[in-house]
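Listed here are the chains, written in short residue letters.
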Amino acid sequence: RVAESIQTKFEEAKVQGLPCTFSIKVLTFAYWPQIKPDDAFVSPDSLRQCQDGFERYYRRSNPTKQLKWQAERGSAVLDIAFPKGTKEVNMNIHQAAVMIQIDAGALLPDGGSSTQTVSAISNATGIEIAEIKPLIASMMLAKGLNLVRVHGKGIDPKFDQNSCIEMNPDFA
């Protein structure tokens, strides 16, 4: 109930400058089982702006409490524009960060397309190569969910850290 109350009050506060719809659950440390924190994770800019907006709001009413973001527990709903239409896709925060990074390389200022290597995506998100490959595979190989592909090869389960990943324009 407390978490719902905080979310409702945050929505009512209408924090300015948030680039997307953002909902949170604030729970005390005792409610979560211990997991290894992912301190290397780099939040996408849009998520970081939302987190900063919430932190400013929360600290005004709770100046003595500390917030610890746990992205590995979060989820995101992305509206992704494909040539065959916009799709709403629900995924975990790490998948969303990977997708946002792939999409950031999708269009160059001159209108051409670009790709990003698995290694570059790993560097930008702070997610280790060993952890990022299954995230990409889940968006490439899951039946009916071929959101991304290997540039020049299509859906390829044998991609590596040097493979260039791009949005799948054939996704419908």
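Sequence order as written defines residue numbering, which begins from 1 separately in each chain. Only residues with pLDDT of 70 or above have their local features reported here, since the model is predicted, and side-chain atom pairs are shown and tallied only from 80 upward, although totals for entire chains, interfaces and linings are computed over all residues. Neither water nor hydrogens contribute to the side-chain values; these are computed over all heavy atoms in the structure.

Peer 1: I'm lost on the overall build of the chain in this one. Help?
Peer 2: A helix here means a DSSP run of H or I that spans at least four residues, while a strand means a run of E at least two residues long, and both kinds are numbered starting from the N terminus. Assigned secondary structure in the chain consists of five helices and five strands. Reading the secondary structure of the chain in the N-to-C direction produces α-α-β-β-α-β-α-α-β-β. The C-alpha extent of the chain, read off along each of the three principal axes, is 55 × 35 × 30 Å. Buried residues in the chain amount to 37% of all 172 residues. By definition in these notes, contact holds between two residues if any of their heavy atoms fall within 4.5 Å. Within the chain, residue pairs in contact and separated by at least 24 positions form 51% of the contacts whose partners lie at least 6 positions apart. Roughly 10,700 Å² of accessible area belongs to the chain as shown, and the carbon and sulfur atoms make up 51% of that amount. In this tally Asp and Glu are treated as negative and Lys and Arg as positive; neither His nor the chain ends contributes. By convention, charge coordinates are those of NZ in Lys, CZ in Arg, CG in Asp, or CD in Glu. Side-chain charges of the chain comprise 19 positive and 19 negative groups, with the mean position of each set lying 6 Å from the other. We call a residue buried when its accessible area falls under 20% of the maximum for its residue type, exposed when it is over 50%, and partly exposed in between, using a 1.4 Å probe and counting protein chains only. Accessible surface is estimated by sampling points in the Shrake-Rupley manner with a 1.4 Å probe; for residues, cover comes only from the protein chains shown.

Peer 1: Can you walk me through the nonpolar core in this structure?
Peer 2: Within soluble globular proteins, side chains that are nonpolar generally end up buried alongside one another. Residues enter a nonpolar core if they are buried and are Ala, Val, Leu, Ile, Met, Phe, Trp, Tyr or Cys, with the set joined through side-chain atoms within 4.5 Å. Ranked by size, the top nonpolar core spans 42 residues in total, and within it Phe54, Val98, Met99, Ile136, Leu147, Val148 and Ile165 carry the most contacts. Those residues in contact with Leu147 that lie beyond four places of it in its chain are Phe82, Val89, Met91, Met99, Met139, Met167, Asn168 and Phe171.

Peer 1: Even after reading the chapter, I still don't get the packing of helix H1 (residues 2-13) against helix H2 (residues 45-61), so can you show me in this structure?
Peer 2: To characterise two packed helices, one gives the angle between the axes of the helices and the distance between these axes. Interhelical geometry of H1 versus H2 gives an angle of 105° and a closest axis separation of 11 Å. On the basis of the axis angle, H1 is roughly perpendicular to H2. Residue-level inspection shows Ile6, Lys9, Phe10 and Ala13 of H1 in contact with H2, the latter providing Gly53, Phe54, Tyr57 and Tyr58. Per-class residue counts for the contact of H1 with H2 are six nonpolar, one polar and one charged. Axis definition: a line fitted to C-alpha atoms, limited for helices to the stretch in contact. Angles are taken between N-to-C directions and run from 0 to 180 degrees. By definition in this entry, angles of less than 35 degrees are roughly parallel, angles greater than 145 are roughly antiparallel, angles of 65 to 115 are roughly perpendicular, and the rest are oblique. Residue type decides the class: Asp, Glu, Lys and Arg count as charged, Ala, Val, Leu, Ile, Met, Phe, Trp, Tyr, Cys and Pro as nonpolar, and the leftover types, Gly among them, as polar.

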